[in-house]
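An overview of the molecular structure
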Amino acid sequence: PSSAVAACSSNAATETTMHAITVTALLPWTSFAAPRSAPRCRQLATLRTTRPLCGLREAGDEAHSSKKRHMALMFGFRGTGFYGLQSQSAEGTPGQPTVSDALRRALLDAGAVLPSNFSPLTRTKWTLASRTDKGVHAARAAVSLKMETLDSQLEPLLSPLLDTSGTLPGQFEPLLSPLEPAERAAGPPPQPRLALTAAAVAEINSHLPPEVRLFGGCTVRKSFHCRECASSRSYEYLLPASALGGMGVAEFDAVLSTFEGSHKVHNFCSGLRGKGWGCWEHDGESWPLALDPSRRQGAAFAYRSVLFCGVHRSVVLRGQEHLVLRIAGVSFMLHQIRHMIGTALAIAHGLVPRDTLALALRSPLQVDISPLAPGAGLLLDEIRWFDLGKRAEDLAFPPSAHAAAEAFKEASLYPHIAERLASEESLERFLGRMRDSFGGAKHYSAADYARLRRVNAGLAEATLPGHF
């Protein structure tokens, strides 16, 4: 193909008409251990000269060995059929293929990773920027690794996100708020970045199943850590407009915006609540505690910052209007976004008073108002690596990679998610369970909510300044 965008767009456009492919069949579970038939030094020297991105070597490349460069790759995938993104080991788990297994096998087959470096993962410094649950999708996932490349497989990369004057683009201002603008750190000019050529991206894609697509890659500094350096992550949730019950879109957007800011999220994720705190009593009434009400520092782990939460736009799929919900934050806890969506839907259907949401975000009390929404509608949309001190992106992929990712999302992910929500009726089953049994969470009566408000008010009056 003439470009990565054309290749990805073409693949994405044909995916929606293809029959389902069994992912397990695409990932034979064979050993990836390095062969021992030749001395390691001789084998390594041969592979480093001849293997990198097979079929892409140009005239003169044979005279130069490949270089192991620290690279970051952007890729997307349909999570259906995979057991999440992250592998538990370099060889994977038989019968439980992950997206990482498919991507690492493609890099191995393309010569971007040597057999001698395939295992353990530390050999290539393989680091994923995020994790996704089983069945969850991604438009722009990322990984950093030590990757075998030839000079002819790279081209100069000019960051589209920061001009030469160091002006901060407007879309990154929310990342600085409420912090004061920082002076750009003084120091030597950054090293020029290199990006994978379209031919190199296409070669790796030829070894990937159609459910997984590589969009681009670029060099990063030696100390770059794809997960720890990430400044924010953005997710999307595709929701049929009919799921709102009788609530309007504008009102639903206002409910979602309640999550914005820094809050305690123990009531909106899995596995974060403490045990043994007992109940808080006030005027003869009590309510269970989920966190220690006397120690703010001890509950710092319960805080998360949400930069944006609301209705981003609407799309028409399968003849039905769908809302694209967007949730951006610094980091998220297990199942946090799905619990947030479930809570907003419970409010939309009149099962939870709207004021209880703000109470549950502030209080250490245990408030069960967040049924778990289906994972089929969730996708990881984007990750940013913004350095607040330098007021610049630490990592920025080329525009062609973002264009290919958008094409893949529009042509493959959105239709696939809408089809799954309709054919599997996962959302309809969830809404039915929520109305009947609140999806496993507790059904509170009007009297319970009134008692909750009174106990929480007493708790707020009794706790010391600087604590809860």
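Preceding this paragraph is the structure being described.
Residues numbered from 1 in each chain as written. Predicted model: local features only at pLDDT ≥ 70, side-chain atom pairs only at ≥ 80, totals over all residues. Heavy atoms only, no water.

With respect to the overall build of the protein
Across its full length, the protein holds twelve helices and 14 strands. Relative to its full complement of 468 residues, the protein shows a buried share of 51%. Look at the contacts in the protein between residues 6 or more apart in sequence, and 81% of them connect residues 24 or more apart. Carbon and sulfur atoms provide 53% of the accessible area of the protein, an area that totals close to 20,600 Å². (Helix = DSSP H or I, 4+ residues; strand = E, 2+ residues; numbered from the N terminus. Buried < 20%, exposed > 50% of the residue type's maximum accessible area, 1.4 Å probe, protein only. Contact = heavy atoms within 4.5 Å. Areas by Shrake-Rupley, 256 points an atom, 1.4 Å probe, with all protein chains shown as cover.)

With respect to the packing of helix 8 (residues 336–348) against helix 11 (residues 426–437)
Between helix 8 and helix 11, whose axes approach to 11 Å, the crossing angle comes to 60°. Taken as axis vectors, helix 8 and helix 11 run oblique relative to one another. Viewed along their axes, helix 8 and helix 11 form a crossing whose handedness is right-handed. Every residue of helix 11 that contacts helix 8 at G342, L345 and A346 is listed here: F430, L431 and M434. (Axes fitted to C-alpha atoms, helices over the stretch in contact; angles between N-to-C directions. Parallel < 35°, antiparallel > 145°, perpendicular 65-115°, else oblique. Left-handed = near helix turned anticlockwise from the far one by under 90°.)

Considerations on the packing of aromatic side chains
To describe a pair of aromatic rings, you give the distance between the ring centres and the angle between the ring planes. Per the stated rule, a full pass over the model turns up eight aromatic pairs. Ring plane angle 90° and centroid distance 5.6 Å describe the contact between Y235 and F332, whose orientation is recorded as edge-to-face. Taken as a pair, Y235 in strand 7 (residues 232–240) and F332 in the loop between strand 12 (320–329) and helix 8 lie far apart in primary sequence, 97 residues in all. Residue Y235 is classed as buried on the basis of its relative accessible area of 9%. Among the aromatic side chains, those forming a connected cluster through ring pairs are F224, W385 and F397. (Phe/Tyr/Trp six-rings, centres within 6.5 Å; stacked < 30°, edge-to-face > 60°.)

Topic: the pattern of salt bridges
Per the counting criterion, the structure on display carries 18 salt bridges. Measuring nitrogen to oxygen at the nearest pair gives 3.2 Å for the salt bridge that ties R105 to D109. Residue R105 and its partner D109 are located together in helix 4 (residues 99–110), separated by four residues, close to a single helical turn. Judged by relative accessible area, which is 23%, R105 ranks as partly exposed. Looking at D109, the relative accessible area reads 29%, which means it is partly exposed. Two residues, K409 and E406, come together in a salt bridge whose shortest N-O distance is 3.2 Å. (Salt bridge = Lys/Arg side-chain N within 4 Å of Asp/Glu carboxyl O.)

Things to note about the nonpolar core
Within the largest apolar cluster, 115 residues are counted, with the highest numbers of intra-cluster contacts made by F75, L107, F252, L325 and W385. Sort the elements by how many residues they give to this core and helix 10 (residues 399–423) lands first, with nine residues. Leaving out residues up to four positions away in the same chain, L107 has contacts with L73, A112, V113, W126, L145, M147 and I204. Judged by nonpolar contacts, the second largest core, of five residues, contains V265, L272, L291 and A302. (Core = buried A, V, L, I, M, F, W, Y, C linked by side-chain atoms within 4.5 Å.)

Let's talk about helix 8
The end-to-end C-alpha distance of helix 8, which contains 13 residues, comes to 18 Å, matching closely the 18 Å that a straight helix rising 1.5 Å per residue would cover. In terms of burial, helix 8 is a largely internal element, 13 of the 13 residues being buried. One or two steps after helix 8, the chain reaches G350, where phi turns positive at roughly 75°. (Expected span 1.5 Å × (residues − 1).)

Topic: unusual backbone geometry
A cis amide bond links S119 with the next residue in sequence, P120, at an omega value of 0°. Residue position: P120 is located in the loop between helix 4 and strand 2 (127–128). The phi dihedral of K125 falls on the positive side, at around 55°, and the residue is not glycine. Along the chain, the position of K125 falls in the loop between helix 4 and strand 2. Looking at K125, the relative accessible area reads 39%, which means it is partly exposed. Its identity as a non-glycine residue notwithstanding, R318 has a phi of 55°, on the positive side. Inspection of the secondary structure assignment puts R318 in the loop between strand 11 (303–317) and strand 12.

Honestly, that's just the spatial picture; any functional story needs more than this.
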